[in-house]
Amino acid sequence: MRWQGQQLGQTDAAALPGLEKLNSLVRSVTTPDFADVTFHEVLCKSALNHVPSSSAMPFNWTVNPYRGCSHACSYCFARGTHEYLELNAGRDFDTQVIVKINVEEVLRRELARGAWQHESVALGTNTDPYQRAEGRYRLMPGIVGALTESGTPFSILTKGTLLRRDLPLLRDAAASVPVSLAMSIAVFDDELQKLVEPGTPSASARLETVRAATEAGFRVTVFLMPILPHLTDSVAAIDHALGRIREAGAVRVIYGALHLRPGAKQWYFTWLQQHRPDLVPAYRGLYPGASANAPKPYRAWLAKRVRPLLRVHRLDGREEDENPRGPARASSPGPVITTSRGRATASESAIALF
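Cut-offs used in this document
- Residues numbered from 1 in each chain as written.
- Predicted model: local features only at pLDDT ≥ 70, side-chain atom pairs only at ≥ 80, totals over all residues.
- Heavy atoms only, no water.
- Salt bridge = Lys/Arg side-chain N within 4 Å of Asp/Glu carboxyl O.
- Helix = DSSP H or I, 4+ residues; strand = E, 2+ residues; numbered from the N terminus.
- Buried < 20%, exposed > 50% of the residue type's maximum accessible area, 1.4 Å probe, protein only.
- Pairing = 2+ DSSP bridges.

A. Inspection of the pattern of salt bridges at higher detail. The tally for this structure, following the rule as stated, stands at eleven salt bridges. One salt bridge connects Glu134 with Arg165, and the closest N-O pair in it is separated by 2.7 Å. Separated by 31 residues along the polypeptide, Glu134 in helix H3 (residues 134-137) and Arg165 in the loop between strand E9 (154-158) and helix H5 (167-174) bring together distant segments of the chain. Residue classification places Glu134 among the buried positions, given a relative accessible area of 0%. Owing to a relative accessible area of 26%, Arg165 belongs among the partly exposed residues under this scheme. One network of salt bridges, with partners in common, ties together Glu104, Arg108 and Glu149.

B. Here's a closer look at unusual backbone geometry. Each neighbour pair has its own omega, and for Met225 with Pro226 the value is -10°, a cis peptide bond. Along the chain, the position of Pro226 falls in strand E11 (residues 221-227). Although it is not a glycine, Arg138 sits at a positive phi angle of roughly 50°. By relative accessible area, which is 48% here, Arg138 ends up partly exposed. Phi is positive for Arg314, which is not a glycine, with a value near 55°. Along the chain, Arg314 falls in the loop between helix H11 (296-312) and strand E13 (316-319).

C. The pairing of strand E12 (residues 252-257), seen in detail. Most of E12 is tucked away: six of the six residues are buried. Side chains of E12 alternate between two faces, with Arg252, Ile254 and Gly256 and Val253, Tyr255 and Ala257 buried alike. Pairing of E11 with E12, which is carried by five bridges, proceeds in the parallel orientation. Bridging across to E12, Leu224 finds its partner in Tyr255. Two strands pair when backbone bridges link them, and E12 and E13 are joined in this way by four bridges, in the parallel orientation. Looking at the pairing, Val253 lines up with Gly317 of E13.

These values are about where atoms sit, not about what they do.
Okay, here's the thing in structure tokens:
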């Protein structure tokens, strides 16, 4: 693979807005293997992101080695975070990926501080740590090693089958610290999956990764999220999904309806208008104005469909909003975190861009 880039030691009039004077930018890289994607390699100032106590997230700390994501999920909540870089939440989010090339070094330094309390760290809460770029940059082995050697428990949520590469490392880590793995699989119809999240591995490939992680000794959770109204919320679709999840060896399912926060909402409606214009009126009814959440009656209706099927397939499971708060928020290493890039508070999303 040939990687070419321009060293940026001064203002670059040709750079994307928000990057032209970025002192932490090392270079911007393109390669034929990633058509239309540019990787902006930066030197981050911090690796551990502290989640505000006001956040609804059930964890206190995160690490995000990438910003932007080539998975290109039309519903991804993290799209809005790209606007903090003066990039747009649509095409730029899919094609302008920020890579924190020194994240391991910075993380090790932060974990070595005497004030570090070895709280659980969540990976995959914003953009995917096992998106395709990880195959080139290999940031996760260093992150996993740093967390393990410091005695810090951690969880990983991903849509990426690159997780399989690191299963031996993760199995070794689990001998020293609590490690939780979760795979996000929202769409089990191959044709729809290629339309709504075109950069992701297929559901079959992700289920094979679940199987491999199970065989490596992990009790894997699958995030059946987001469930898309009028697209993946039928009894037949949910039953099919849960059957395949059970067959792959997962032990728990966390499910939830689609959230459409600013940035994601506009982009998802653009997708709907292009691919399913017949559903636009229904979605406007479910997500009117600035509303981000599906209405409570819809969520209650969805729960009545999912819960009996969880019992049929002998799967432990819960709705995302059933997550307990309180002390468990700080101590639980489990991946009871956010959606499949389908929900987060604005305060958490804006933390530590670099």
